[in-house]
Number of protein chains: 2
Amino acid sequence: MVIVGGGFGGLFAARALRRAPVDLTVVDRTNHHLFQPLLYQVATAVLSEGDIAPPTREVLRRQQNARVLLGEVMDIDLTAREMTIETAGERERLAYDSLIVAAGAGQSYFGHDEFAAHAPGMKTIDDALEVRGRIFGAFEMAELENDAQQRATWLTFAVVGAGPTGVELAGQIAELSRRALTGNFRSIDPASARIIVLDAGDAVLPSFPGRLQRRARRDLGRLGVEVRLGTMVVGVDADGLDVSLEDGSSSRIEAKTKIWAAGVQASPLGALLAEQSDAEVDRAGRVSVRPDCTLPGHPEVFVVGDMMGLDRLPGLAEVAMQSGSHASRAIARRLSGDTVERPFRYRDLGTMATIARFRALAYYRRLRLTGLVAWLLWAFVHLAFLTGFKNRVAAVASWTVAFVGRGRPQRTITERQVFARMREIEAAVAARRSGNERAKHPV
Amino acid sequence: MVIVGGGFGGLFAARALRRAPVDLTVVDRTNHHLFQPLLYQVATAVLSEGDIAPPTREVLRRQQNARVLLGEVMDIDLTAREMTIETAGERERLAYDSLIVAAGAGQSYFGHDEFAAHAPGMKTIDDALEVRGRIFGAFEMAELENDAQQRATWLTFAVVGAGPTGVELAGQIAELSRRALTGNFRSIDPASARIIVLDAGDAVLPSFPGRLQRRARRDLGRLGVEVRLGTMVVGVDADGLDVSLEDGSSSRIEAKTKIWAAGVQASPLGALLAEQSDAEVDRAGRVSVRPDCTLPGHPEVFVVGDMMGLDRLPGLAEVAMQSGSHASRAIARRLSGDTVERPFRYRDLGTMATIARFRALAYYRRLRLTGLVAWLLWAFVHLAFLTGFKNRVAAVASWTVAFVGRGRPQRTITERQVFARMREIEAAVAARRSGNERAKHPV
């Protein structure tokens, strides 16, 4: 059997089959599992990429019935029960009897993929390293800039999206500008950086209970993060964002650094599966599965995690883990002769988000936690779920340095990033000189 | 005054001036200092880039008389006492009264820069991350490869250069293939990897005493590393190396992964300085300075570290630190009215190299240390010189995991690297199909 994806869904599916009499292949386009809830800490130099992205094959090392293939699934043929994988530049066919598709979701720019060049997303290690280079590069550029207005634009960070990723990222940028960079610069005051969170909706952390939404907004305000709700991004360029407000007016935000944490779009493999079955995909690309997570008419195919459209379940790591395990248990039961179909029931274990050091929000059923208690719970839960002992030790060490102390252990920018940034500026300067930029976006 | 370079020479020069009445500017093309003696551990996934490359401005944070500029020195005008810096895409002029040039050395391909694409060097963080992606990518590709001969080529790692970097890197690749990757693969045995160290000279660690050279060779042999001396690389391509032997015959080594740790070439700023003064540059680009490290005829300009050609001193971190400090002390003395010229005297504090975990070589004057004692000394000295408390804690944690345990904490390959590798293979496959490769390099 085959599992597509080494994220939370795929990895928990694989692990749930460790004692099952199956030959299991996990196909992933990267060499690593990714602990996505901490990706924002890689982007803000608290953690290294290795801390949150252990190699999938190392995680499954002891599971003798599992092999891991580095490759990209190009096609799935439901009738022939085989898929086409591109590995090492060659296409190969891989047959399956059972299939779990857990390819996750990517960033969605809501039809404006051209925004991506100026506003990288926050879904992969590559994204996080790119964002890291841009954030720390922006402070370097501000230090070099002689023009006060340009300097302010370098020191403005716009985060699009007020969900957990956007809020956590904005909080960390605020903390690093206020604390971690203290004393580092001579021409600028990094603490003067403006951090703006934009969202078209009307709430911060919209999936959270109202009381916690208000608390999040207040906590962000205390950190000096500006929150602009009811603000839709309609244009992104090298120097800033064009936004339209709820009253129909439009406005401009000058910000060299833009990060997109707004929308998700499930893997296009979902549409591929839907085309060949009676399933449908919703606007976010999620596949309408049956209550047991199988594809309608194809009980041998499970769709789990962020790709799964079921009961309006949110795109959380916890949902992916549980649905992945559910699919594997169903497959294991079938192999032992039990073909009774059991619906997937999500056990909500609560949701949490950190705003800043020692400050988080959490809820579980009717329980609401805020402040330090929520933060300690957050730290404990995230450590418990981090894969591997060393990653836990490293995370505790890094958190101690970053949150109790004021350091950021991972501020290294590669030369490639520095020179890419400089070339971008050169182009922007050239464009400004020719007057095009100014004419297009009068300040 | 200005210091060019934030390496060991520049940083120690800056620190030695912390109490001097000067306005100090450190110019560097990267945002970080680099602890180069541990670069091979970033390449082999023991340490993260942040562990060995702290931001220069963070290191100099408390030194109020120093500012750090991210920029590249394009020209130095000794008569006008000013330099041209390219920062943020714009060129600016920077005047100096005293100047310390510590721009270090880059990799030298001995006139064959075209080798670089197939055999990256080991001088920068970018190099180390590239090498890391290639090493771990090669094992991934070997696992995917069906052709036995191609698989063997993926599992062959050629390190060019038998100096400390080459030896340490080869030792670490051997250890990771024998220990860290155990149980990770299903189609290949990573322990079957061939690691070859090539050198045109006739010794391993040529700068070490003869007894330690022989010990290094024996230790490498025990690790399963092949050492081929008297072997000059005359060609490098995607699939391997062409070499010529001392007896004039030529040979071919099939190896997908090649790493260049052979030669160094001092920064081209050296030639720029020599042109305007009575100094000369040697074949490796080092500037012949006066005994006090100044440029002949320009007592206000010091050249230190790897760029300095003086008394045939080796290109060691220790030489850079001491010569950087020496230059700064001379400047500080002049400011206090003492213009007596004092020659630079290098205090040899010994040299060391690790072959594998718990196995190193060290010598100090007549003292020779090998094995575990040398390794403990190596670990102690390298920890003492690592910049920053967190980096020390992180290094100890990583070393414990990697050397006492068998993990490699930093095996993450970015998607960009994976896809770059796959494209390279695609091209190689296409070339093989068209028969060009075979015709050019018959096996």
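### Topic: the overall build of chain A
Now for step 1: Assigned secondary structure in chain A consists of 14 helices and 23 strands.
Now for step 2: Scaling as 2.2 N^0.38, a compact globule of 443 residues should have a C-alpha radius of gyration of about 22 Å, and chain A matches this with 23 Å.
Now for step 3: Reported as C-alpha extents along the three principal axes, the dimensions of chain A are approximately 75 × 50 × 45 Å.
Now for step 4: Among the 443 residues that make up chain A, the fraction classed as buried is 60%.
Now for step 5: Summarising the internal contacts of chain A: among those between residues at least 6 apart in sequence, 63% fall at separations of at least 24.
Now for step 6: Just so you have it, chain A exposes about 17,600 Å², and 51% of that area is on carbon and sulfur atoms.
Now for step 7: Taken together, the 56 basic and 51 acidic charged side chains of chain A have centroids lying 9 Å from each other.

### A short note on helix 8 (residues 210-223) of chain A
In an α-helix, one full turn covers 3.6 residues, which means residues spaced three or four apart are oriented alike.
Residue and element names in this part refer to chain A.
Now for step 1: For helix 8, spanning 14 residues, the distance from its first C-alpha to its last is 20 Å, which sits close to the expected 20 Å at 1.5 Å a residue.
Now for step 2: Within helix 8, burial applies to Leu212, Gln213, Ala216, Asp219, Leu220 and Leu223. With its buried residues spanning 130° around the axis, helix 8 presents them on a single face. In this structure, helix 8 carries Arg214 and Arg222 as exposed residues pointing more than 90 degrees from its buried face.
Now for step 3: Packed against the buried residues of helix 8 are helix 7 (164-180), strand 11 (225-228), strand 21 (351-356), strand 22 (359-364) and strand 23 (367-370).
Now for step 4: Backbone geometry just downstream of helix 8 places Gly224 in the positive-phi region, at approximately 85°.

### Topic: the sheet that holds strand 4 (residues 72-77) of chain A
All names here are of chain A.
Now for step 1: Pairing in this open sheet of three strands is antiparallel, and the strands run 4-5-6 from one edge to the other. Edge positions in the sheet fall to strand 4 and strand 6 (90-95), since each has one partner strand and no second. Averaged over all neighbouring strand pairs, the angle between strand axes comes to 25°, with direction disregarded.
Now for step 2: As defined by bridge partners, strand 5 (residues 82-87) adjoins strand 6 across six bridges and the pair is classed as antiparallel. Paired with Thr87 across the strands is Glu90, a residue of strand 6.

### Considerations on helix 10 (residues 317-335) of chain A
Now for step 1: Over its 19 residues, helix 10 of chain A runs 27 Å from end to end, which matches the ideal 27 Å to within 8%, given 1.5 Å per residue.
Now for step 2: Taking burial as the measure, the 19 residues of helix 10 of chain A include 14 buried ones, the bulk of the element.

### Comments concerning the interface of chain B and chain A
Now for step 1: Residue-level contacts link 65 residues of chain B with 65 residues of chain A.
Now for step 2: Regarding the contact of chain B and chain A, the summed buried area is about 5,800 Å², with carbon and sulfur atoms giving 51% of it.
Now for step 3: Scanning the region where chain B abuts chain A turns up nine salt bridges.
Now for step 4: Counting across the chain B and chain A interface gives 33 residue pairs in polar contact (both at pLDDT 80 or more).

### A few points about the pattern of salt bridges
Now for step 1: All chains considered together, the criterion is met by 45 salt bridges over all chains.
Now for step 2: Ionic pairing is found between Arg286 of chain B and Asp282 of chain B, a salt bridge with its closest N-O pair at 3.0 Å.
Now for step 3: Judged by relative accessible area, Asp282 of chain B falls into the partly exposed class, the value being 33%.
Now for step 4: Residue Asp338 of chain B is joined to Arg333 of chain B by a salt bridge in which the shortest nitrogen-to-oxygen separation is 3.9 Å.
Now for step 5: Through salt bridges with shared partners, one network takes in Asp237, Asp242, Arg252 and Glu254 of chain A.

### Quick word on a nonpolar patch on the surface
Residues and elements named next belong to chain A.
Now for step 1: A surface patch of nonpolar side chains, about 370 Å² in accessible area, is lined by Phe358, Leu372, Leu376 and Val404.
Now for step 2: Position of Leu372 relative to the elements: it lies in helix 11 (residues 371-385).
Now for step 3: Here Leu372 falls in the partly exposed class, since its relative accessible area comes to 46%.

### Comments concerning unusual backbone geometry
Glycine aside, the phi torsion of most residues is negative, and most peptide linkages are trans.
Residue and element names in this part refer to chain B.
Now for step 1: Despite not being glycine, Arg81 has its phi angle at roughly 55°, a positive value.
Now for step 2: Arg81 gets classed as partly exposed once you look at its relative accessible area, which sits at 38%.
Now for step 3: Even without a glycine there, the phi angle at Leu205 is positive, about 50°.
Now for step 4: As for its position among the elements, Leu205 is in the loop between strand 10 (194-198) and helix 8 (210-222).
Now for step 5: Residue class for Leu205 comes out buried when judged on its relative accessible area of 0%.

### Examining the packing of helix 1 (residues 8-16) of chain B against helix 10 (residues 317-335) of chain B
Helix-helix packing: each pair is described by the crossing angle between the helix axes and the interaxial distance.
Residue and element names in this part refer to chain B.
Now for step 1: Where helix 1 meets helix 10, the closest approach of the two axes is 7 Å, and the angle between their N-to-C directions is 35°. As for the relative orientation of helix 1 and helix 10, their crossing is right-handed in sense. On the side of helix 1, the interface is formed by Phe8, Gly9, Phe12, Ala13, Ala14 and Ala16, while helix 10 contributes Ala317, Ala320, Met321, Gly324, Ser325 and Ser328.
Now for step 2: Among the residues making up the contact of helix 1 with helix 10, the classes are represented as eight nonpolar, four polar and no charged.

### So, the pairing of strand 11 of chain A
Residues and elements named next belong to chain A.
Now for step 1: Of the two faces of strand 11, the one holding Val225 and Val227 is buried and the one holding Glu226 and Arg228 is not buried anywhere.
Now for step 2: Here strand 10 (residues 194-198) pairs with strand 11 via four bridges, running parallel. Pairing of Ile195 across the sheet is with Val225, part of strand 11.
Now for step 3: With helix 8 bridging strand 10 and the parallel strand 11, this β-α-β connection has right-handed handedness.

### Re the pairing of strand 14 (residues 250-254) of chain A
Residue and element names in this part refer to chain A.
Now for step 1: Here five bridges tie strand 13 (residues 240-245) to strand 14, and the two strands are oriented antiparallel to one another. Bridged to Ser244 within strand 14 is Ser250.
Now for step 2: Between the end of strand 13 and the start of strand 14, which pair antiparallel, lie four residues, with Gly248 showing a positive phi angle near 90°.

### Some words on the confidence of the model for chain A
Residues and elements named next belong to chain A.
Now for step 1: Model confidence for chain A is summarised by a mean pLDDT of 92, while 95% of its residues fall at 70 or above.
Now for step 2: Counting interchain partners and residues more than four positions distant, the pLDDT-below-50 stretch residues 436-443 has 13 contacts.
Now for step 3: Interface predicted TM-score (ipTM) for the complex: 0.91; the corresponding pTM is 0.92.

### Details of the side chain of Ser328 of chain A
Now for step 1: Note on placement: Ser328 of chain A falls in helix 10.
Now for step 2: Among the residues examined, Ser328 of chain A registers a relative accessible area of 0% and is labelled buried.

### Focus: the relation of the copies chain B and chain A
These two copies of the chain differ by a rotation about an axis and a displacement along the same axis.
Now for step 1: For the pair chain B and chain A, the superposition axis carries a translation of 0.0 Å, the fit reaches an RMSD of 0.0 Å, and the rotation angle comes to 180°. These values place the two chain copies in the arrangement generated by a two-fold rotation axis.
Now for step 2: In this assembly, 100% of the residues forming the interface of chain B have copies in chain A that are likewise at the interface, indicating an isologous arrangement.

### Describing the sheet that holds strand 3 (residues 66-70) of chain A
Residue and element names in this part refer to chain A.
Now for step 1: The six strands are arranged 3-2-1-7-19-18 in an open sheet whose pairing can be described as mixed. In the strand order of this sheet, the two ends are held by strand 3 and strand 18 (294-295), each with one partner.
Now for step 2: Relative to strand 7 (residues 99-101), strand 1 (residues 2-4) is paired through three bridges, and the arrangement is parallel. If you follow Val2 over to strand 7, its bridge partner there is Leu99.
Now for step 3: Taken strand by strand, helix 1 (residues 8-16) contacts strand 1, strand 2 (24-28) and strand 7, and its axis lies near 160° from that of strand 1.

Calculation rules
- Sequence order as written defines residue numbering, which begins from 1 separately in each chain.
- To label them, take the chains in the order written and letter them from A, then take the ligands in the order written and number them from 1.
- Where totals are concerned, whole chains, interfaces and linings use all residues; where local detail is concerned, this predicted model gives features only for residues with pLDDT of at least 70, and gives and counts side-chain atom pairs only at 80 or more.
- Side-chain calculation: all heavy atoms of the structure are included, whereas hydrogens and water are not.
- Labels follow the DSSP assignment, with helices taken as runs of H or I lasting at least four residues and strands as runs of E lasting at least two, numbered in each case from the N terminus.
- Only C-alpha atoms enter the radius of gyration; for comparison, a globular chain is expected to reach 2.2 Å times N to the power 0.38, where N is the number of residues.
- The buried label goes to any residue with under 20% of its type's maximum accessible area, the exposed label to any with over 50%, and the partly exposed label to all in between, with areas taken from a 1.4 Å probe on protein chains only.
- In this analysis, two residues are considered to be in contact whenever any of their non-hydrogen atoms come within 4.5 Å of each other.
- Note on areas: Shrake-Rupley with a 1.4 Å probe; residue coverage comes only from the protein chains shown.
- Counted charges follow a simple rule, with Lys and Arg positive, Asp and Glu negative, and His plus the chain ends left uncounted.
- Each charge is placed at NZ for Lys, CZ for Arg, CG for Asp and CD for Glu.
- One less than the residue count of a helix, multiplied by 1.5 Å, gives the span that helix is expected to have.
- This arc is taken over the directions from the axis of the helix to the C-beta atoms.
- Any two strands are treated as partners once DSSP identifies two or more bridges connecting them.
- Think of each axis as a best-fit line through the C-alpha atoms, taken over the contacting stretch in the case of a helix, with angles from 0 to 180 degrees between the N-to-C directions.
- Accessible area that two parts lose when put together, with a 1.4 Å probe and added across both, is what the buried area reports.
- Think of a salt bridge as a Lys or Arg side-chain nitrogen and an Asp or Glu carboxyl oxygen that are within 4 Å of each other.
- Each polar contact in these results corresponds to two N or O atoms within 3.5 Å; when the atoms are within protein, one needs to be able to donate a hydrogen and the other to accept it, and residues that are neighboring in sequence are counted only if both atoms are side-chain atoms.
- Patches here are clusters of residues that have more than 30% relative accessible area and form no salt bridge, with a 9 Å joining cutoff for like charges and a 5 Å cutoff for nonpolar side chains (Val, Leu, Ile, Met, Phe, Trp, Tyr).
- Take the far helix as the reference: if the near one is turned anticlockwise from it by less than a right angle, the crossing is left-handed, and if turned clockwise, right-handed.
- Gly is put with the polar residues, along with every residue not named as nonpolar or charged; the nonpolar set is Ala, Val, Leu, Ile, Met, Phe, Trp, Tyr, Cys and Pro, and the charged set is Asp, Glu, Lys and Arg.
- Crossovers are described as right-handed under a simple rule: with the strands pointing away from the observer, the path leading from the first strand over the helix to the second runs clockwise.
- Per residue, pLDDT captures the predictor's confidence, and it can take any value from 0 to 100.
- Copy-to-copy superposition: least squares on the C-alpha atoms, limited to residues that have pLDDT of at least 70 in both copies.

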